[in-house]
Number of protein chains: 2
Amino acid sequence: MGTKVAILDSSLRDGAQAEGISFSVEDKLKILELLDDHGVDYVEAGNPGSNPKDLEFFSRAKNITLKHAKLAAFGSTRRHNNTAENDDNVQSLLLAETPVVVIFGKSWDFHVTDIIHTTLQENLKMISDTVAFLKARGKEVIFDAEHFFDGYKNNPEYAVKSLQAAAEGGADALVLCDTNGGTFPSEVAQVVTAMSALFEVPIGIHAHNDCGMAVANSVTAVENGARHVQGTYIGFGERCGNANLSTIIANLGVKRDFECLPDNQYRNITRVARHIAAISNLALNERDPYVGNCAFAHKGGMHIDGVNKASHSFEHINPDLVGGQRRFLMSEVSGRRMILEKIWEVDASITKDDAVTDSIIKRLKELEHEGYQFEGAESTFELVIRKQLGKYRPFFELEHFKIIGEQPTNGEYGSSAIIKVRVDGTDEITAAEGDGPVHALDCALRKALDKFFPELSNVHLTDYKVRVINGRDATAAKVRVLLQSTDGDAVWTTVGVSTDIIEASWIALVDSIEYKLLILEEAKCSM
Amino acid sequence: MGTKVAILDSSLRDGAQAEGISFSVEDKLKILELLDDHGVDYVEAGNPGSNPKDLEFFSRAKNITLKHAKLAAFGSTRRHNNTAENDDNVQSLLLAETPVVVIFGKSWDFHVTDIIHTTLQENLKMISDTVAFLKARGKEVIFDAEHFFDGYKNNPEYAVKSLQAAAEGGADALVLCDTNGGTFPSEVAQVVTAMSALFEVPIGIHAHNDCGMAVANSVTAVENGARHVQGTYIGFGERCGNANLSTIIANLGVKRDFECLPDNQYRNITRVARHIAAISNLALNERDPYVGNCAFAHKGGMHIDGVNKASHSFEHINPDLVGGQRRFLMSEVSGRRMILEKIWEVDASITKDDAVTDSIIKRLKELEHEGYQFEGAESTFELVIRKQLGKYRPFFELEHFKIIGEQPTNGEYGSSAIIKVRVDGTDEITAAEGDGPVHALDCALRKALDKFFPELSNVHLTDYKVRVINGRDATAAKVRVLLQSTDGDAVWTTVGVSTDIIEASWIALVDSIEYKLLILEEAKCSM
């Protein structure tokens, strides 16, 4: 068993400072449960003093029994010339009723004198008072030494005193923060080594990515004695983001012998990262280490050849270790293997030499050439396979639809759609209005199918993404539409491509409904 | 003057190995000129041996007189049991007629025996022969030691011998490659220090980002004696990408005293990065250090307050140094300053206390609340200001339009549009077809306006981007449409937001045309 490194995820607090991030209380609860299941040690989930909305989250989070993680509230030291007891911010930290409190305080003398305008001595008392007050209330207290590295450069003696103040107050960890993200790994190595030697209390690291080195700074800190790492799971945060924990955990726990997660959790790193991205309504960066879609994608011919001879020739780890998937781009041989696995999910009797395997591969290649992309659209992928295997029948036929968009609008909606469908010889024609042509079409199709398939009533779309495939042809460019649907339980994604956004949406919409009906039918047959 | 560090950009070679990258010869020539203007030392632009299309690029690149950069072709050592003279790959390197050749060879014994299947001795001869052959033809030769760090871990003696072979052949630089991207900064520091002590020939670094530490590895290498850095300007490349040169150059040249670019070029880092992203048809990652849209964006209230008191309190550098822009998100005070600068571009006499300044800010806030985003849509931003200042008149009025989308399609196109506009009391009604509703509308509008404004004939759209603002409402979500237009000379961008994609596109389309007509009118008035 390797040396334990505690992981504190701040996606819900420092991560919420990122541009474009706006969590609902439900989002936060979902991420908390995900990180707890994953075995993360601490989840820092809000700043009740500066954001009263966070108190609602904490009061709901109390009802959740966490398996592994400890919940932490975040706030600053008491204000100057006050007591911790009488400080509103410190009081609201108690209201959060978390077992852990993270307190940040000033370590950079310039910030004390020029930003919060107090004396160097009073700042040290603010730190020790606040930590001691919270310790006396039974909290585990983590001290975040803000701007520690800048402070240490400017006035090392004072920066160390700020840590001493926290240690004297009884802090359980002293976290060196690179708040501005301007520190280099060589500096981190030197400072962490010195602080680890100076203090009995465990040293932590909190890095930002303004120089693109937050992961390296965190890893370097641990190599030099830090035993607590703060970051956000997929790296979002103020400005260029916080240290990316998914990368750090894989670096330390998979490539090195540190214990960051329970043993059986490293394989979930990719899944957890993608899930957090989905809840946060962010696209995961394709080139993110370990978890991005390209992380184990090989394009160069020599690389593909090498990986086929010995995977470690061009891969620094086996992708299985983090639940990732090797992908060979534009390579027939390798594509075949991956496609076969999908075929077996539908029909385990097919072999790689069957003619139908060739026909499926040919069809997928045609579609990819047209601009389809099946990563993230597994339901359409499965329908393509079923169509080639003859394991598919259309549940309805489109006779025609017409969409009318107009300006000025006639009343509430700018778009309306007429649709005529046929199900088992029976025609149904109907119309609906909507915000925009796709919404109108979606509403009309569901309305038309309702009398034939009432079980579709609980299906609805949860995401609609449009990607222009080749932006240079402007409005005549091809678009790829990804639709995510749910029946409240399962979630499935379908894709359509066309130069016409309406046609692309239509294709994805039909696949979404056909897929749901197919699954329902199979469930009935197997009963 | 700081210590010189040579920069080799491989966007056009290793970068082209990235998923989603596909350069035309024109794209490559544009990037070459951009990097040359920027003062990058070497542009590695292709592998003529493995990609015959690259030879077309090299034959066209010959006609360009470069101001600073040296062009480099990339290829492997001769094959085993052959001479360099008779090796096809080496010959095609000569055909490229570049002053510089980058040769990669094997430093990891396992790759020699198990991947290219030759003897350790023969591999060393392949390296020294190939380098010597090219040196004898007057080339500057850079040796890329593939998998150097993995090789050094496995068999340090042999890895060093591979460098010695290149040095004996006359190589001008010995570049240690972390081909799999699995090396940590602490290892880089140790190995680079050792190699710098061992060789007179300058040591270089070529890092990949599989552990999220390519930038840190490159910076650490330079701190420990490397004087040549390879990467790609915005970091794209095989798998998780190459080391991001824009970050490395800013780290070394702006935050430290190394000389990576001519002094006056650091301010262009952001512009060059965004330009390369545009040519590569990639969205620049918003959180990229220095050059991303969020790099100097402050959201936390305490951070905004701190930056206003002293910018270095929460910024590791002044954004001006890399041509970036500080942004305060959702902050009235700071927004005002930025908006005033834009207002002055239209009317320099307005002051911050004028009532109209308030009305402009109020209007912008309303629009932002509706989902507008003016970053990257400066023309719409300018039109908003002009409307509030009364410095705007509409050039045409929409009477109405109707768009019809249908399936099955009638012939070539699925969409058609009818539009009626009024210009100075004269009505014009017309119709057009298109791929999709927006294309049809765009064609119809241009056709209707043609008789009034023939000068619009050279305007066309060059990019069309659709972003779903809140994906969770699915097809009823708001969409933001960004249109980029050009008249062959200027380029301008406009934005529209609506729950209806057609309405959002229409808003952006109208702004695009109004903006062009406004600029034309002002040009006439000032003649």
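The model shown is predicted, which means the values in this text are computed figures rather than measured ones. (Residues numbered from 1 in each chain as written. Chains lettered and ligands numbered in written order. Predicted model: local features only at pLDDT ≥ 70, side-chain atom pairs only at ≥ 80, totals over all residues. Heavy atoms only, no water.)

Along chain A, the regular secondary structure elements total 17 helices and 16 strands. Reported as C-alpha extents along the three principal axes, the dimensions of chain A are approximately 85 × 65 × 50 Å. Here chain A holds 527 residues, and 60% of them are scored as buried. Partitioning the intrachain contacts of chain A with sequence separation of at least 6 by distance along the chain shows that 65% fall at a separation of at least 24. Carbon and sulfur atoms provide 49% of the accessible area of chain A, an area that totals close to 20,300 Å². Within chain A, one finds 54 positive and 76 negative side-chain charges whose respective centroids are separated by 3 Å. (Helix = DSSP H or I, 4+ residues; strand = E, 2+ residues; numbered from the N terminus. Buried < 20%, exposed > 50% of the residue type's maximum accessible area, 1.4 Å probe, protein only. Contact = heavy atoms within 4.5 Å. Areas by Shrake-Rupley, 256 points an atom, 1.4 Å probe, with all protein chains shown as cover. Lys, Arg positive; Asp, Glu negative; His and termini not counted. Charge placed at Lys NZ, Arg CZ, Asp CG, Glu CD.)

All names here are of chain A. Where helix α8 (residues 185–198) meets helix α9 (residues 214–223), the axes come as close as 9 Å, and the angle between the chain directions of the two elements is 30 degrees. By the angle between their axes, α8 is roughly parallel relative to α9. In the crossing of α8 with α9, the sense of the turn from one axis to the other is right-handed. Residues P185, V188, A189 and V192 of α8 touch α9, and the partners they reach there are A216, N217, T220 and A221. Across the contact of α8 with α9, the residue classes break down as six nonpolar, two polar and no charged. (Axes fitted to C-alpha atoms, helices over the stretch in contact; angles between N-to-C directions. Parallel < 35°, antiparallel > 145°, perpendicular 65-115°, else oblique. Left-handed = near helix turned anticlockwise from the far one by under 90°. Nonpolar A, V, L, I, M, F, W, Y, C, P; charged D, E, K, R; others polar.)

On to the sheet that holds strand β12 (residues 413–423) of chain A. Read from one edge to the other, the open sheet built from six strands follows the order β13(A)-β12(A)-β11(A)-β11(B)-β12(B)-β13(B), with strand pairing classed as antiparallel. Edge positions in the open sheet fall to β13 (426–434) of chain A together with β13 (426–434) of chain B, since each of these has one partner strand only. Recorded for the sheet is a direction-independent mean angle of 10 degrees between the axes of neighbouring strands. In the sheet, strand β11 (residues 397–410) of chain A pairs with β12(A) via nine bridges, with the strands oriented antiparallel. Bridged to A:N410 within β12(A) is A:Y413. Across the sheet, helix α16 (residues 436–449) of chain A is in contact with β11, β12 and β13 of chain A; its angle to β12(A) comes to roughly 35 degrees. Lying over the sheet, helix α17 (residues 501–525) of chain B contacts β11 of chain A together with β11 (397–410) and β12 (413–423) of chain B, oriented at roughly 135 degrees with respect to β11(B). (Pairing = 2+ DSSP bridges.)

Note: a rotation about an axis with an accompanying shift along it relates these two copies of the chain. Once chain B is rotated about the relating axis by 180 degrees and shifted along it by 0.1 Å, it coincides with chain A to within an RMSD of 0.4 Å. Here the symmetry operator amounts to a two-fold rotation axis. Closest approach to the rotation axis within chain B is made by the C-alpha atom of B:I404, at a distance of 2.2 Å. Interface overlap between copies: 98% of the residues of chain B at the interface are likewise at the interface in chain A, consistent with a symmetric, same-surface contact. (Least-squares fit on C-alpha atoms with pLDDT ≥ 70 in both.)

This part is about the interface of chain B and chain A. In this complex, chain B contributes 111 residues to the contact, which on the side of chain A involves 109 residues. Both sides of the chain B and chain A interface together cover about 8,600 Å² of buried area, and 55% of this is carbon and sulfur. Inspection of the chain B/chain A interface yields four salt bridges. One salt bridge in this structure joins B:E406 and A:K402, with 3.5 Å as the shortest N-O distance. Linking chain B with chain A are 29 residue pairs in polar contact (both at pLDDT 80 or more), by the criterion used here. For the side of chain B that touches chain A, the leading source of residues is β11(B), giving eleven residues. Class assignment for the residues of the side of chain B that touches chain A results in 44 nonpolar, 39 polar and 28 charged. Looking at chain direction, β11(A) and β11(B) are connected through seven bridges and run antiparallel. Counterpart to A:Q407 in the pairing with β11(B) is B:F401. (Buried area = accessible area lost by both parts, 1.4 Å probe. Salt bridge = Lys/Arg side-chain N within 4 Å of Asp/Glu carboxyl O. Polar contact = N/O pair within 3.5 Å; in protein donor to acceptor, adjacent residues only side chain to side chain.)

What follows deals with the domain arrangement of chain A. Residue and element names in this part refer to chain A. Entries for chain A in the domain assignment read domain 1 (3–279), domain 2 (297–389) and domain 3 (397–525). Computed over C-alpha atoms, the centres of domain 1 and domain 2 are 41 Å apart. Of all residues in domain 1, the largest losses of buried area upon contact with domain 2 belong to V254, K255 and R267, amounting jointly to 63% of the total for that side. The tally of links from domain 1 across to domain 2 stands at zero salt bridges. (Domains from an automatic or database assignment.)

The next subject is the environment of B:S196. All names here are of chain B. Mapped onto the elements, S196 comes out in helix α8 (residues 185–198). Placed 293 residues apart in sequence, S196 and D489 show a C-alpha to C-alpha distance of 49 Å. Residues within four places of S196 in sequence aside, it is in contact with I203, N224, G225 and A226.

Here the focus is the packing of aromatic side chains. Aromatic ring pairs: the centre-centre distance and the angle between the two ring planes describe each pair. Using the criterion set out here, one finds 20 aromatic pairs over all chains in the structure. On the basis of an interplanar angle of 70 degrees and a centroid distance of 5.2 Å, the ring pair of A:F57 and A:F58 is categorised as edge-to-face. Residue A:F57 is classed as buried on the basis of its relative accessible area, which comes to 1%. Between A:F148 and A:F149, the ring centres sit 6.1 Å apart and the planes meet at 90 degrees, which makes this aromatic pair edge-to-face. Judged by its relative accessible area of 0%, A:F148 is buried. Cluster of aromatic residues (ring-pair linked, three or more members): A:F148, A:F149 and A:Y152. Residue placement shows B:R13 over the ring face of B:F74; its charged tip is 3.4 Å from the ring centre. Across the ring face of B:F57, the terminal group of B:K28 is positioned such that the distance to the ring centre comes to 5.2 Å. (Phe/Tyr/Trp six-rings, centres within 6.5 Å; stacked < 30°, edge-to-face > 60°. Lys NZ or Arg CZ within 6 Å of the ring centre and 35° of its normal.)

As a further point, take the nonpolar core. Core analysis: the biggest nonpolar cluster contains 190 residues, and A:Y233, B:M195 and B:Y233 have the highest contact counts within it. The residues contacting A:Y233, other than those within four sequence positions of it, are A:D9, A:S11, A:L35, A:H38, A:N244, A:L245, A:S246, A:I249, A:I269, A:V272, A:A273 and A:I276. Among the nonpolar cores identified, the runner-up in size contains 80 residues, and A:L383, A:V421, A:A440 and B:F453 belong to it. (Core = buried A, V, L, I, M, F, W, Y, C linked by side-chain atoms within 4.5 Å.)

The next subject is the environment of B:V423. Residue and element names in this part refer to chain B. Considering the arrangement of structural elements, one finds V423 in strand β12. A C-alpha to C-alpha distance of 75 Å links V423 and S162, two positions 261 residues apart in sequence. The residues contacting V423, other than those within four sequence positions of it, are F395, F396, L449, F452 and F453.

Another aspect to go through is helix α15 (residues 378–389) of chain B. Taking 1.5 Å per residue, twelve residues should reach 16 Å; α15(B) reaches 16 Å between its end C-alpha atoms and fits that length. The element α15(B) is extensively covered by neighbouring structure, given that nine of its twelve residues are classed as buried. (Expected span 1.5 Å × (residues − 1).)

Another aspect to go through is the state of the cysteines. Where two cysteines share a covalent bond between their sulfur atoms, that bond is called a disulfide. The tally for this structure, following the rule as stated, stands at zero disulfides over all chains. With no disulfide partner, A:C260 has as its closest neighbouring cysteine sulfur the one in B:C211, 13 Å distant. In this structure A:C260 comes out as buried when scored by relative accessible area, which is 0%. (Disulfide = S-S within 2.5 Å.)

Let us look at the pattern of salt bridges. Counted under the stated rule, the structure contains 65 salt bridges over all chains. In this structure, A:K420 engages A:D427 in a salt bridge whose closest nitrogen and oxygen atoms are separated by 3.9 Å. The exposure class assigned to A:K420 is partly exposed, which follows from its relative accessible area of 23%. Exposure remark for A:D427: the relative accessible area of 31% places this residue in the partly exposed category. A salt bridge links B:D172 to B:K135, with the nearest nitrogen and oxygen atoms 2.8 Å apart. Taken together, the residues span a long stretch of sequence, with B:D172 in the loop between α7 (156–169) and β6 (173–178) and B:K135 in helix α5 (residues 120–136) at a distance of 37 residues. Judged by relative accessible area, B:D172 falls into the partly exposed class, the value being 30%.

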